[in-house]
Amino acid sequence: MSLPVLPSNFGAENFKATAKFSAPVRRPIEPVGRYFLAHATRSLRGHTWSEYEKIEAEKNVSTVDETNEDADLGDEEQDAALLLHDPREWKTADLYAVLGISHLRWRATEDQLRRAHRKQVLKHHPDKKSAKGGLDQDGFFKIIQKAYETLADPGKRQQFDSVDEGADVLPPSPKSEYDFIEAWTPVFEAEGRFSKKQPVPKLGDMSSPKSEVDAFYSFFYNFDSWRSFEFLDEDVPDDSSNRDHKRYIERKNVAARKKKKTEDNARLVELVKRALSEDPRIKLFKQQEKEEKERKKWEREAGSRAAAEAKAKAEAEAAEAAAKAKAEAEAAKAGAKKNKEAAKAAKKKNKRALRNAAKDNDFFGDAANAEAIENEINFLIDSFDDEQLAEYAAKVNGVDAAAAKAILIEGFKAQTASGKLSASILKYFA
Amino acid sequence: MTVIGISFGNTTSSIAHLAKDGIEVIANPDGERAIPSSLSYIAEDEYHGGQSLAHLVRNPNNVIINFRDSIGQSFDKLDLTLTDRAAKTTQLESGDIGFKIQTSEGESKQISVNEATVRHLENLKHAAVDYLGQQITGVVIAIPTDFTASQKEQLVAASEKAGLQVLQLISEPSAALLAHASIDDKLAEDKTYVVADFGGVRSDAAVISVRGGILTVLATAHDFSLNGDNLDAALADHIAAEFKKKYQTNAKSNPRSIAKLKEASVLARKTLSNVSSATISIEALADGIDFHSSINRLRFEVTCRSVLSQFPAFVESVVKKANLDVLDIDEVLLVGGLSNTPKLASNIADLFPESTVIAAPSLDTKFKNPEELVARGAALQASLLESFSAEEIAESLQPVILNTQHISKAIGLVDAAGQFVTVLKSETTYPIKKSLKLAAPKGQDILITVVEGEHSIKETVIEPTPVSDDEDDEYSDEEPEVVREKIYVPGSKLAELALRDNQSEEVEVTFSINKDGVLSVTAREVKPGCVAFKGEIQHN
């Protein structure tokens, strides 16, 4: 180890303090050894401590904690019935309550068990009871010892935990109203203690993703349980007097265990089934899935939908065009008819005007030939085409008799000249 | 005229004094150095120590054992199972806690715990006086760290009554550490220790930091269900099972058989600490059948595995309680008779890194008699106090002297490579002065950066090297090894100090904190008559 060279930009100062060191802790030192005595002598020599210093020295001392470490065990009292429990029937007692840790149960660590046992032993030792009067009160003490014996052995503890009814959490009644997560979380937490695989997935909350929820249910469907029912075995008679009877009991126990195990597995499957059917998240996921599916479908069909749209549009356009064309055609038809009618009317009018040209002018003063004039004018009118009719009708309109006669004669001449009217039929206007 | 140190345990007690060639443990007239803390009253006679314990088989109700923890205790807090196999602890007519003993037909005696303590200490005193040929002027007694003020008071009163002037009561782990570290003056080294005391009826552990020779207890732990009696019970069960298999007779049917089993178990356990096999021989264990067998160490370790495996967890818990990591512990000192058990020591050694020294007889041949350490420490302290008057001692125990400030983070400097060099470890109490010499380039100006150290724990996984010439390479029990290291890096910079124009190869840097908490840093060349560069740093 060597020290570094001073950087050139350090400056002229020889010492630069940049920070203070962390606050010290006041602790009592052990008054042993020569170094301590030297320290004490140094401190005491020629030094009278002021009251202030004495008081300061006793303040904020971080001493080693020698207080009761059993705070985590709580102050659970056993109820009267448990205290009077028959020690021969210790198996039916709640062993965790016996040790005063019924709030911990299967969660209690070995260390906690040990401390809890000691605590109960100090409290319930029969000599203490007899000192307070009353003899033969060691029944509960025996149960304490049995409880510790059972729970301190991991194998036996597992057997007891398997049948520890106090730790079971019943599922909510199907008829009652409850919050799914709130009601089921403790149920599965309690069931999870039997799992060979640890840690056990949690039920989660309403916002848990689908993968987690699925993992949770598949975990519980494939639950690998260490739960066993030896603890409920009927006691096998110890004497070897009746071997057959002993074997019979043993067989019975094995069968009972098997039966209970099967029942328990079935119970769990039912439980998970029920939870799954009630889980609002599953419904939510299903709905989400459906929506998602629809959305997917919608997306998948985007191409054909566009084509269909285009087709529909084209069809609509075509239909519209057709309608329009039809309307136009009809309008045109209507117009033509009207024109025709108008033309017909005009023709009629023109015809009448020509016919009347003679009649109104008193047949040009020649009323005797009225019939002939009329016939010949009719011939003329028949021979005229529409234009000529209009032309001549306009000419005769409002003129006097002579002019009208001249116009008619001119008409006859034009028609005979063009061969549309044979001169042979003309008598009056020839 | 001399002073002695006493370790007063529930199971055994020891006396020690400072002889010419170091601390010597005094044996009682029966040759016992670990003297059983036991008294028995049979007919007109009183027995003490091993002689008393021998009566557990025949007159268990006349034997007083395990009474140390009952001193100054209230009856409600007593653990009565401790005296199940001997005279029962009860409340006497006088209201004191004690023992009702029927000495002979129709005659009974009431002995309070305090009276028993007085008698026990008197017996110890006689042994010491007989051995030394001198009067005892003073005694230092070691007590557990969880002794209450009233317990201390009662013990001092009992001791005065027994004719022993108490110079000081010191705590057991400190006494043990003092005795251990005073060899080769290891006390001057700044180290952090775990002192684990495994006794007959309880286990105690303490984390103690030694800084500048001053001891500070950082944490303590006590476990009353972790003890030698548990090991003996496991072994007794094993013997009883073997006996039953052989003779179809229950060896635990009556108290006398149980006492015999216990006696044989203790003997076998102690033998197995030194040799690898022990013979068990019990006369008339049950139904008048004698039992002879042998047990080897491996069988013993398997039998007691569940008990033995609890000890490391207990030691780990105290390290955690001190907010430390096992890597912070430099040395583990195993105290108490149970520390002789090889498997117990090796179980604890497995908990710590290889760099941690485990002081236990089975791991270190230099380290012997862990059950005597506390007495040795007490004797050492007694000899140190001999030259002080009672007033001076009382003055030194005032809070104003004891409650000192300890720095919370390591303080050191940065070397040329940018590494942190610890000068003052965390938990160093002040006033303190510490200096170290460091190489420095000649003919140049030198920079000294004072920093607080920050630590972190680095974990590196070392994959096992594949063994190529392994025939059955399908299976390898080697797992990747995780090596944990504690690394210090320079933390917040406190100050920079320049040493101008260095003309020597080495520079001496001195850190000293005065009683007001002012850290002064001094740097000078290692040459006479050189000027010192210095500066001062305050604390928060």
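Residues numbered from 1 in each chain as written. Chains lettered and ligands numbered in written order. Predicted model: local features only at pLDDT ≥ 70, side-chain atom pairs only at ≥ 80, totals over all residues. Heavy atoms only, no water.

A. Quick peek at the interface of chain B and chain A. The interface of chain B with chain A comprises 94 residues on the first partner and 62 residues on the second. A per-residue breakdown of the area chain B buries against chain A is headed by V400, I401 and N403 of chain B, which together make up 9% of the total. Salt-bridge contacts for E427 of chain B lead to R27 of chain A; the nearest nitrogen and oxygen are separated by 2.8 Å. The tally of links between chain B and chain A comes to 37 residue pairs in polar contact (both at pLDDT 80 or more). Looking at the side of chain B that touches chain A, the element that brings in the most residues is strand β15 (residues 214-223) of chain B, giving nine residues. Classifying every residue of the side of chain B that touches chain A gives 45 nonpolar, 27 polar and 22 charged. Across four bridges, the pairing between strand β2 (residues 25-28) of chain A and strand β20 (residues 403-406) of chain B is antiparallel. By the bridge assignment for β20 of chain B, R27 of chain A is matched with T404 of chain B. (Contact = heavy atoms within 4.5 Å. Buried area = accessible area lost by both parts, 1.4 Å probe. Salt bridge = Lys/Arg side-chain N within 4 Å of Asp/Glu carboxyl O. Polar contact = N/O pair within 3.5 Å; in protein donor to acceptor, adjacent residues only side chain to side chain. Helix = DSSP H or I, 4+ residues; strand = E, 2+ residues; numbered from the N terminus. Nonpolar A, V, L, I, M, F, W, Y, C, P; charged D, E, K, R; others polar. Pairing = 2+ DSSP bridges.)

B. Seen up close, the nonpolar core. All names here are of chain B. F198, L334, I348 and F352 are the most contacted members of the largest nonpolar core, which has 50 residues in total. If you tally residues by element for this core, the top one is helix α5 (residues 228-247), at seven residues. Lining this core are residues from two domains, each supplying at least three of them: domain 2 (186-224 + 311-370) and domain 3 (228-306). (Core = buried A, V, L, I, M, F, W, Y, C linked by side-chain atoms within 4.5 Å. Buried < 20%, exposed > 50% of the residue type's maximum accessible area, 1.4 Å probe, protein only. Domains from an automatic or database assignment.)

C. Here's a closer look at the domain arrangement of chain B. On domain assignment, one finds that chain B holds domain 1 (3-164), domain 2 (186-224 + 311-370), domain 3 (228-306) and domain 4 (410-539). Each of domain 3 of chain B and domain 4 of chain B has a C-alpha centre, and the two are 55 Å apart.

D. Spotlight on the packing of helix α4 (residues 172-182) of chain B against helix α11 (residues 373-385) of chain B. Residue and element names in this part refer to chain B. For the pair α4 and α11, the least separation of the axes is 7 Å and the interaxial angle reads 80 degrees. By the angle between their axes, α4 is roughly perpendicular relative to α11. Residues E172, A175, A176, L178, A179, H180 and S182 of α4 touch α11, and the partners they reach there are L373, V374, R376, G377, A378, L380 and Q381. Residues belonging to the contact of α4 with α11 are distributed by class as follows: eight nonpolar, four polar and two charged. (Axes fitted to C-alpha atoms, helices over the stretch in contact; angles between N-to-C directions. Parallel < 35°, antiparallel > 145°, perpendicular 65-115°, else oblique.)

E. Molecular detail of the pattern of salt bridges. Applying the stated criterion to the full structure yields 56 salt bridges over all chains. A salt bridge links R114 of chain A to D111 of chain A, with the shortest nitrogen-to-oxygen separation between them at 3.5 Å. Placement of both R114 of chain A and D111 of chain A in helix α5 (residues 110-124) is noted, with a separation of three residues, approximately one turn of the helix. Looking at R114 of chain A, the relative accessible area reads 8%, which means it is buried. D111 of chain A gets classed as partly exposed once you look at its relative accessible area, which sits at 33%. A salt bridge links D146 of chain B to R202 of chain B; the shortest N-O distance between them is 3.0 Å. Of this pair, D146 of chain B sits in the loop between β11 (136-143) and α3 (149-161) while R202 of chain B sits in the loop between β13 (191-198) and β14 (203-211), and the two are 56 residues apart along the sequence. Residues joined in a network through salt bridges with shared partners are D168, E191, R193, R227, D264 and R267 of chain A.

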